[in-house]
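Listed here are the chains, written in short residue letters.
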Amino acid sequence: MTFGDIIIRQAREADLQALIAMFAADPLGGHGDTTDPEAYPEYARAFAAIAASPDRMLYVAERDGDVVGTFQTIVTTSLNARGSSAMIIEAVQTRADMRGQGIGAQMIEFAIAEAKSRGVRLVQLTSNAVRKDAHRFYERLGFKPSHLGFKMALK
């Protein structure tokens, strides 16, 4: 799908280096992302697992052939809410030098359109508690802070 000069498309393995660099450059992420070549096989395994699943999609936003943003969607179906499905939007990232240009909003709009096309009842996401700018961004797009999340690191 095209938004002005931004193309949002499914990620390809050839995009991995750009995606890894974007995540590694994020000072708030705290996920241990790195451009160290020794870590590449871990990213390649994750990419293959995502690509093999019909319920998980990894997207990139591209401008003039350059990857300038990314996000992932996961559709999950539960017994509650009458067996309906929800879409989780994960790993939303706009390249640092491209922020403030509407790319993030275009990616979220794309994800919401995908959810609607799949008959999903709810779109949800989580955001690191320290990312106050991101919280304002998501609220501006219509998301409501409705739940408190918990995590437990296992590694």
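Scroll up to find the structure.
Residues numbered from 1 in each chain as written. Predicted model: local features only at pLDDT ≥ 70, side-chain atom pairs only at ≥ 80, totals over all residues. Heavy atoms only, no water.

## Here's the deal with the pairing of strand S6 (residues 122-125)
At step 1: Where strand S5 (residues 85-94) meets S6, 4 bridges bridge the pair, whose relative direction is parallel. Within S6, the position partnered with Met-87 by the bridge is Val-123.
At step 2: Taken together, S5, helix H4 (residues 103-117) and S6 form a β-α-β motif whose crossover is right-handed. (Pairing = 2+ DSSP bridges. Helix = DSSP H or I, 4+ residues; strand = E, 2+ residues; numbered from the N terminus. Right-handed = clockwise from strand over helix to strand, strands pointing away.)

## Some remarks on unusual backbone geometry
At step 1: Even without being a glycine, Ala-81 presents a positive backbone phi close to 60 degrees.
At step 2: With respect to the helices, strands and loops of the structure, Ala-81 is situated in helix H3 (residues 80-83).

## Regarding helix H2 (residues 40-52)
At step 1: For H2, with 13 residues, the first-to-last C-alpha span of 18 Å sits near the 18 Å given by 1.5 Å per residue.
At step 2: Listed as buried for H2 are Tyr-43, Ala-44, Phe-47 and Ile-50. Buried residues of H2 fall within an arc of 125 degrees about the axis and therefore sit on the same side. Opposite the buried face of H2, by more than 90 degrees, sit the exposed residues Arg-45 and Ala-52.
At step 3: Looking at the buried residues of H2, the elements they touch are helix H1 (16-24), strand S3 (56-63) and strand S4 (66-77). (Expected span 1.5 Å × (residues − 1). Buried < 20%, exposed > 50% of the residue type's maximum accessible area, 1.4 Å probe, protein only. Arc of directions from axis to C-beta. Contact = heavy atoms within 4.5 Å.)

## A closer look at the nonpolar core
At step 1: By size, the foremost hydrophobic cluster in this structure holds 22 residues, and its most contacted members are Ile-8, Ala-61, Phe-71 and Ile-103.
At step 2: For this core, the secondary-structure elements that each account for two or more residues are strand S2 (6-10), S3, S4, S5, H4 and helix H5 (132-140).
At step 3: Of the residues forming this core, the biggest block, 7 residues, is contributed by H4.
At step 4: In contact with Phe-71, not counting residues within four places along its chain, are Ile-8, Met-57, Leu-58, Tyr-59, Ile-89, Glu-90, Ala-91, Val-92, Met-107, Phe-110 and Ala-111.
At step 5: Among the nonpolar cores identified, the runner-up in size contains 13 residues, and Met-22, Ile-50, Val-60 and Val-67 belong to it. (Core = buried A, V, L, I, M, F, W, Y, C linked by side-chain atoms within 4.5 Å.)

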